[in-house]
Amino acid sequence: MSNIPKSDDQVDQWRSVMFLYDSALKKVNTKIEILNNEFVNRYDYNPIEHIKSRLKTADSIVKKLKKDGHDVTIENMMEHLSDIAGIRIICSFTSDIYQIAEMIAHQADVTVLHVKDYIKNPKPNGYKSYHMVVTVPVYLSDGPVETKVEVQIRSVAMDFWASLEHKIAYKFEGNAPENLLKELKACADIVDMLDAKMFSLNEAITAYAAEQRRQEQQAAKTEEEFL
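These numbers come from a predicted model, not from an experiment.

Peer 1: How would you sum up the nonpolar core? Please name residues and give values.
Peer 2: Of all hydrophobic cores here, the largest spans 41 residues; its most connected members are Met77, Ile89, Ile104, Val149, Val151 and Ile153. Elements that contribute at least two residues to this core include exactly helix 1 (8–43), helix 2 (58–67), helix 3 (74–80), strand 2 (85–91), helix 4 (94–105), strand 4 (130–140) and strand 5 (143–155). Every residue in contact with methionine 77, bar those within four places of it in the chain, is listed here: Trp14, Val17, Met18, Tyr21, Ile61, Leu65 and Ile84. One finds Tyr118, Trp161, Ala176 and Leu184 within the second-largest nonpolar core, a separate group that totals 10 residues.

Peer 1: How would you sum up a nonpolar patch on the surface? Please name residues and give values.
Peer 2: There is a patch of nonpolar side chains on the surface, built from Leu194, Met198, Leu201 and Ile205 and spanning about 370 Å² of accessible area. Structurally, methionine 198 can be placed in helix 6 (residues 178–226).

Peer 1: Residues and numbers for unusual backbone geometry, please.
Peer 2: Here the phi dihedral of aspartate 44 falls at roughly 55 degrees; this positive angle occurs in a residue that is not glycine. Along the chain, the position of aspartate 44 falls in the loop between helix 1 and strand 1 (48–55). Given a relative accessible area of 70%, aspartate 44 falls into the exposed group.

Peer 1: Hey, could you go over the packing of aromatic side chains for me, with residue numbers and the actual values?
Peer 2: Two descriptors summarise a pair of aromatic rings, namely the distance from one centre to the other and the angle between the planes of the rings. For the coordinates displayed, the defined rule picks out four aromatic pairs. Summarising the aromatic geometry, the rings of tyrosine 118 and tyrosine 127 are spaced 5.8 Å apart at their centres and angled 65 degrees between planes, so their arrangement reads as edge-to-face. The burial state of tyrosine 118 is the same as that of tyrosine 127; both residues are buried. Over the aromatic face of tyrosine 118 sits the side chain of lysine 123, whose NZ or CZ is 4.9 Å from the ring centroid. Across from the ring centre of tyrosine 127, 4.9 Å away, lies the NZ or CZ of lysine 123, which sits over that ring.

Peer 1: Go over the pattern of salt bridges with me, naming the residues and quoting the values.
Peer 2: Per the counting criterion, the structure on display carries 11 salt bridges. Residue aspartate 192 pairs with lysine 128 through a salt bridge whose shortest N-O separation is 2.7 Å. Here aspartate 192, found in helix 6, pairs with lysine 128, found in the loop between strand 3 (111–117) and strand 4; they are 64 residues apart in sequence, far enough to count as distant. Judged by relative accessible area, aspartate 192 falls into the partly exposed class, the value being 36%. Among the residues examined, lysine 128 registers a relative accessible area of 17% and is labelled buried. The shortest N-O distance in the salt bridge between aspartate 159 and arginine 154 comes to 3.1 Å. Its relative accessible area of 7% is what places aspartate 159 among the buried residues. Salt bridges sharing common partners tie together Lys27, Lys31 and Asp109.

Here is what the cut-offs are and how they apply
Residues numbered from 1 in each chain as written. Predicted model: local features only at pLDDT ≥ 70, side-chain atom pairs only at ≥ 80, totals over all residues. Heavy atoms only, no water. Core = buried A, V, L, I, M, F, W, Y, C linked by side-chain atoms within 4.5 Å. Buried < 20%, exposed > 50% of the residue type's maximum accessible area, 1.4 Å probe, protein only. Helix = DSSP H or I, 4+ residues; strand = E, 2+ residues; numbered from the N terminus. Contact = heavy atoms within 4.5 Å. Patch = residues over 30% accessible without salt bridge, like charges linked within 9 Å, V, L, I, M, F, W, Y side chains within 5 Å. Areas by Shrake-Rupley, 256 points an atom, 1.4 Å probe, with all protein chains shown as cover. Salt bridge = Lys/Arg side-chain N within 4 Å of Asp/Glu carboxyl O. Phe/Tyr/Trp six-rings, centres within 6.5 Å; stacked < 30°, edge-to-face > 60°. Lys NZ or Arg CZ within 6 Å of the ring centre and 35° of its normal.

Structure follows, in structure tokens:
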């Protein structure tokens, strides 16, 4: 907790605030798992490959506040930071991303504060992902507290690229050589094509399976009529 005030009262406040974010994280995570399980039970299809969640560390919170020009206080961290509690949802296909985002937004106790669609509007380096900041009520003994959670939704291919980009940015502290940045952007374009190709292939497989079932049902019906 370097640079976070350390008086007893402030430490208690810090613990209380981080408890809120941790509780909100668990609540949203449970909602997403239920939605995915519903899809499996209703449609025999799971749009979510896996879910990652994390709470920002004290050091990361301090660095972000200082970078944005804010004093390091608990009040500023709650007001100005939207990603203290973060969930990343990895989907099979781009179409799944928007469907999951819509289902989350339609939850009765979820309030969407703002959205950044880096899929329709990628960052200059090629980064793609769908970001939404939501609040959910954390019910305490003295009433509900609306708490922010950042939700990132991306495809498997987008996540693979973003992981590589993050490692390069971390290694070069944000000042990677120009030739590496160009190669990274070219990889982003390849990932985009791969996403589209895999989606098209999945659609073809789904259509083929549906036709096979139709033919089998028709054959079974014909056999019953013959008997």
